[in-house]
Amino acid sequence: MKRIKKIRAILGVKGFLCLASLIMIALSLVTYTGTITMTPTIQFTTGATSDSWLVYINDVNETRHLPGGFSEPPLNMSDPNTFAFQVVTDANKVCAIRIELTSIINSSKFSNFNITAKYWNGTTWNNETLYDAATGSTMKPYIDGLILGDTAYLHQNISTTKYYSIEVVYSYDLVDVTDQISVTLQYTPLPQDSF
């Protein structure tokens, strides 16, 4: 009660009545609410996450596949071991997929290590176009595994489902070392409005 008397003394009678009227109007206004339900959706699904390749000393421009090693398996949609990853886009967003190595390939062992992607066309695996950025039309022939941080992007349009495999062309022709080599690829889906 003392606070109300202080406020009335500071504002005066007219000021206090105006403030009281505004409070009453604010309390009596009709309000409306809107509710948003958000449903996250996944465009990207991994398939085969590991493979084991036999690499021979003095292999020059040899090809290996993930999955499959020496030869690519035909796609079986219910078997994730027959594709590297799958991308499903709807009518709202396209998807760029960044492909990169998590570490550089040892250039004292390999004279080249070139990574490309393939897609399943319904009967066979075909070369997929790689780009140098998530948007734009500048194409890139491959990811050079001998260059630190080299990446490439796939561009998949709206309302499509595609299955992809990874292809590597390499030359292990510089040393006769038989130590095991680990290579890790990283895929990052990037939903976008357009390319």
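The structure presented is a predicted model; accordingly, all values stated were derived computationally and were not measured.

Asks: Honestly, the overall build of the protein chain in this entry has me stumped. Any pointers?
Replies: Each helix and strand in the protein chain was counted, giving one helix and twelve strands. Burial status across the protein chain gives 33% buried among its 195 residues. A separation of at least 24 residues holds for 73% of the contacts in the protein chain among residues at least 6 apart in sequence. Put simply, the protein chain shows about 12500 Å² of open surface, and 56% of that area lies on carbon and sulfur atoms.

Asks: What am I meant to see in a nonpolar patch on the surface here?
Replies: Taken together, the side chains of Leu54, Tyr56 and Phe70 make up a nonpolar region of the molecular surface, amounting to roughly 330 Å² of accessible area. Following the sequence through the fold, Phe70 ends up in the loop between strand E2 (59-66) and strand E3 (85-88).

Asks: Looking at this structure, how should I read the nonpolar core?
Replies: Across soluble globular proteins, nonpolar side chains show a tendency to be buried alongside one another. Counting 24 residues, the largest nonpolar core has Phe85, Ile97, Ile99, Leu154, Ile166 and Tyr187 as the members making the most contacts within it. Listing elements by their share of this core, those giving two or more residues are E3, strand E4 (94-101), strand E5 (112-120), strand E10 (151-156) and strand E11 (161-172). No other element matches the five residues that E11 contributes to this core. Apart from residues no more than four positions distant in its own chain, Tyr187 is found in contact with Phe44, Leu66, Ala84, Phe85, Ile97, Arg98, Ile99 and Ile166.

Asks: Please clarify how the pattern of salt bridges should be interpreted in this entry.
Replies: Note on pairing: side chains with opposite charge can pair once their charged atoms come close. The tally for this structure, following the rule as stated, stands at eight salt bridges. A salt bridge links Glu62 to Arg64; the nearest nitrogen and oxygen atoms lie 4.0 Å apart. By relative accessible area, Arg64 is classed as buried at 2%.

Asks: Sorry if this is basic, but what is going on with the packing of aromatic side chains here?
Replies: Centre distance and the angle of the planes are the two values used to describe a pair of aromatic rings. This structure, assessed with the given rule, holds nine aromatic pairs. Between Phe110 and Phe113 the ring centres are 5.4 Å apart and the planes differ by 85 degrees, which places this aromatic pair in the edge-to-face class. Take Phe110: its relative accessible area is 4%, and that puts it in the buried class. Residue Phe113 is classed as buried on the basis of its relative accessible area of 4%. Through a chain of ring-to-ring contacts, three or more aromatic side chains come together here, namely Phe44, Phe85, Tyr164 and Tyr187. Here the guanidinium or amino end of Lys162 rests over the ring plane of Tyr119, the centre of that ring lying 4.6 Å away.

Asks: Before we go on, may I ask you to explain the environment of Phe70 in this structure?
Replies: Expressed as a C-alpha distance, the spacing of Phe70 and Ser52, which sit 18 residues apart in the sequence, is 10.0 Å. Ignoring sequence-local partners within four residues, the contact set of Phe70 consists of Leu54, Tyr56, Thr63, Arg64 and His65.

Asks: I would appreciate a short explanation of unusual backbone geometry in the present structure.
Replies: A negative phi angle characterises most non-glycine residues, just as the trans form characterises most peptide bonds. A cis amide bond links Leu66 to the next residue, Pro67, at an omega of 0 degrees. Note that Pro67 resides in the loop between E2 and E3. Backbone geometry places Asn61, a non-glycine residue, at a positive phi of 50 degrees. Within the secondary structure, Asn61 is located in strand E2.

Asks: What's the story with the side chain of Arg64 in this structure? I'm lost.
Replies: Take Arg64: it is sitting in strand E2. Polar contacts involving the side chain of Arg64 include one to the main-chain carbonyl oxygen of Leu54, which spans 2.9 Å. Residues within four places of Arg64 in sequence aside, it is in contact with Trp53, Leu54, Tyr56, Asp59, Gly69, Phe70, Ile166, Glu167, Val168 and Tyr170.

What counts as what
- Every chain is numbered on its own, with residues counted from 1 as its sequence reads.
- Predicted model: local features are reported for residues with pLDDT of at least 70 only, side-chain atom pairs are reported and counted for 80 or more only, and whole-chain, interface and lining totals are derived from all residues.
- As a rule here, side-chain values come from all non-hydrogen atoms in the structure, and water together with hydrogens is ignored.
- In this text, helices come from DSSP runs of H or I with a minimum length of four residues, and strands from runs of E with a minimum of two, each type numbered from the N-terminal end.
- Throughout, exposure labels follow a simple rule: accessible area from a 1.4 Å probe, protein chains only, divided by the maximum for the residue type, with under 20% read as buried, over 50% as exposed, and the rest as partly exposed.
- Residue contacts are counted whenever heavy atoms from the two residues lie within 4.5 Å of one another.
- Working definition of accessibility: Shrake-Rupley area with a 1.4 Å probe, residue cover restricted to the visible protein chains.
- Patch definition: residues with relative accessible area over 30% and no salt bridge; like charges joined within 9 Å; nonpolar side chains (Val, Leu, Ile, Met, Phe, Trp, Tyr) joined within 5 Å.
- Salt bridges are defined by distance alone: a side-chain nitrogen of Lys or Arg within 4 Å of a carboxyl oxygen of Asp or Glu.
- Residues grouped as a nonpolar core are buried Ala, Val, Leu, Ile, Met, Phe, Trp, Tyr and Cys residues, joined through side-chain atoms within 4.5 Å.
- Ring geometry is summarised as follows: Phe, Tyr and Trp rings, the Trp one being its six-membered ring, pair when their centres sit within 6.5 Å, and such pairs are stacked at plane angles under 30 degrees, edge-to-face over 60 and tilted between the two.
- For a lysine, the NZ atom is tested; for an arginine, the CZ atom; a charge sits over a ring if that atom is within 6 Å of the ring centre and within 35 degrees of the ring normal.
- In protein, a polar contact requires one atom able to donate a hydrogen and another able to accept it; more generally it is a pair of N or O atoms within 3.5 Å, and residues adjacent in sequence count only if both atoms are side-chain atoms.

Read these as geometric descriptors, not functional statements.
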